[in-house]
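Structure assessment
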Amino acid sequence: MRSAEVFRETKETKIRVGVTLDGKGKSEISTGIGFFDHMLESFSKHSAIDLKVEAEGDLHIDMHHTVEDTGIVMGQAIAKALGDFKGITRFGHSYVPMDETLSRAAIDMCNRPYLIWKVNFSRDKIGEMDTELFKEWFHAFAMNCGGCVHVENLYGENCHHIIESCYKALARSLRQAISMDPVFAGEAVSTKGSL
């Protein structure tokens, strides 16, 4: 079982994340931010990663620390569950349509994190959540899971559809990238010999 648990506590947040990479997409999410919980549940379902997130943050200030730190801990948990990254497919990509919206994501689980983010929103909030926080989560997640992540909304009007399609596209891409490739069993998919 490729699974891991990570706990992180600061003066701003207290977050525990558990992941099982070869799961069924079951989730238990509690961050105190309704729309964010919805996105993480969707991420879990479409990545097929069993995900448990318990987050307590300084929401009396704003949502920034809770969202960013949850991305950090989720990324760390996935990297920990992957171990040395050997035997994984490494690359993944996905296009996800939602009504009038189309988004795509591509990922290289190469242990050299990076984020390209080409997503714009026509309004400042979805529910109570600031739309600028989504980039913070994707950046924190990429930097800590070891993935080179590219996310782009190709077109769309509804902001809910735009961000949800981005989470689903990332999830589907990650699912491909972390799947075990029988051709490279026990090997790193790299001419360097390691990732």
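Scope of this entry: the structure provided in the associated data block. Numbering of residues begins from 1 in every chain and follows the order in which that chain's sequence is written. Owing to the predicted nature of the model, reporting of local features is limited to residues with pLDDT of at least 70; listing and counting of side-chain atom pairs is limited to 80 or more, with chain, interface and lining totals taken over all residues. Excluding hydrogens and water, the side-chain figures rest on all heavy atoms present in the structure.

1. Description of the packing of helix α1 (residues 34–47) against helix α4 (residues 159–178)
Their axes nearest at 8 Å, the elements α1 and α4 cross at an angle of 35 degrees. Crossing angle aside, the handedness with which α1 passes α4 is right-handed. For the pair formed by α1 and α4, the contact residues are Phe35, Phe36, His38, Met39, Leu40, Ser42, Phe43, His46 and Ser47 on the first element and His160, Ile163, Glu164, Tyr167, Lys168, Leu170, Ala171, Arg172, Leu174 and Arg175 on the second. For the contact of α1 with α4, the class distribution of residues is ten nonpolar, five polar and four charged. Every angle, taken between N-to-C directions, lies between 0 and 180 degrees, and every axis is a line fitted to C-alpha atoms, over only the stretch in contact when it is a helix. Strands here mean DSSP runs of E at least two residues long; helices mean DSSP runs of H or I at least four residues long; both are numbered from the N terminus. Rotating anticlockwise by less than a right angle from the far helix to the near helix defines a left-handed crossing, while the corresponding clockwise rotation defines a right-handed one. Any two residues whose heavy atoms approach within 4.5 Å at even a single point are treated as in contact. Note on residue categories: nonpolar means Ala, Val, Leu, Ile, Met, Phe, Trp, Tyr, Cys or Pro, charged means Asp, Glu, Lys or Arg, and polar means any other residue, Gly included.

2. Quick word on the sheet that holds strand β1 (residues 3–9)
If you trace the four strands from one edge of the open sheet to the other, you get β1-β2-β4-β3, paired in mixed fashion. If you trace the sheet from one side to the other, it starts and ends with β1 and β3 (27–30), each paired once. Going from strand to strand, the sheet's axes swing by 5 degrees on average, the running direction of each strand aside. Strands qualify as paired when DSSP identifies two bridges or more between them.

3. Overview of the nonpolar core
Take the buried residues of types Ala, Val, Leu, Ile, Met, Phe, Trp, Tyr and Cys, join any two whose side-chain atoms come within 4.5 Å, and each joined set is a nonpolar core. When a residue's accessible area, from a 1.4 Å probe over protein chains only, is under 20% of the maximum for its type it is buried; when over 50% it is exposed; and in between it is partly exposed. The biggest cluster of nonpolar side chains holds 59 residues, and the ones touching the most others in it are Val19, Phe43, Met109, Trp137, Phe138, Ile163 and Tyr167. Among the elements that line this core, the one with the most residues is α4, at eleven residues. Sequence-distant contacts of Phe43, defined by excluding residues within four places in its chain, comprise Leu51, Met74, Trp137, Phe141, Tyr167, Leu170, Ala171 and Leu174.

4. Quick notes on the packing of aromatic side chains
Centre-to-centre distance and the angle between the planes together describe a pair of aromatic rings. For Phe, Tyr and Trp, rings pair up if their centres lie within 6.5 Å, where Trp contributes its six-membered ring, and each pair is then called stacked (planes under 30 degrees apart), edge-to-face (over 60) or tilted (otherwise). Scanning all chains against the criterion turns up ten aromatic pairs. Measuring from ring centre to ring centre gives 5.7 Å for Phe43 and Phe141, while their planes differ by 75 degrees; the resulting arrangement is edge-to-face. A residue pair is termed long-range when its members are at least 10 positions apart, and Phe43 in helix α1 and Phe141 in helix α3 (residues 132–145) qualify at 98 residues. The class of Phe141 is buried, set by a relative accessible area of 0%. Seen in terms of ring centroids, Trp117 and Phe138 are 4.8 Å apart; in terms of plane orientation they differ by 45 degrees. Their pairing is tilted. Separated by 21 residues along the polypeptide, Trp117 in strand β7 (residues 114–118) and Phe138 in helix α3 bring together distant segments of the chain.

5. Looking at helix α2 (residues 64–82)
In this analysis, the expected span of each helix is defined as 1.5 Å times one less than the number of residues it contains. For α2, with 19 residues, the first-to-last C-alpha span of 27 Å sits near the 27 Å given by 1.5 Å per residue. When you tally the buried positions in α2, you get 15 out of 19 residues, the bulk of the element.

It is worth stressing that arrangement in space is one thing and function is another; only the former is reported here.
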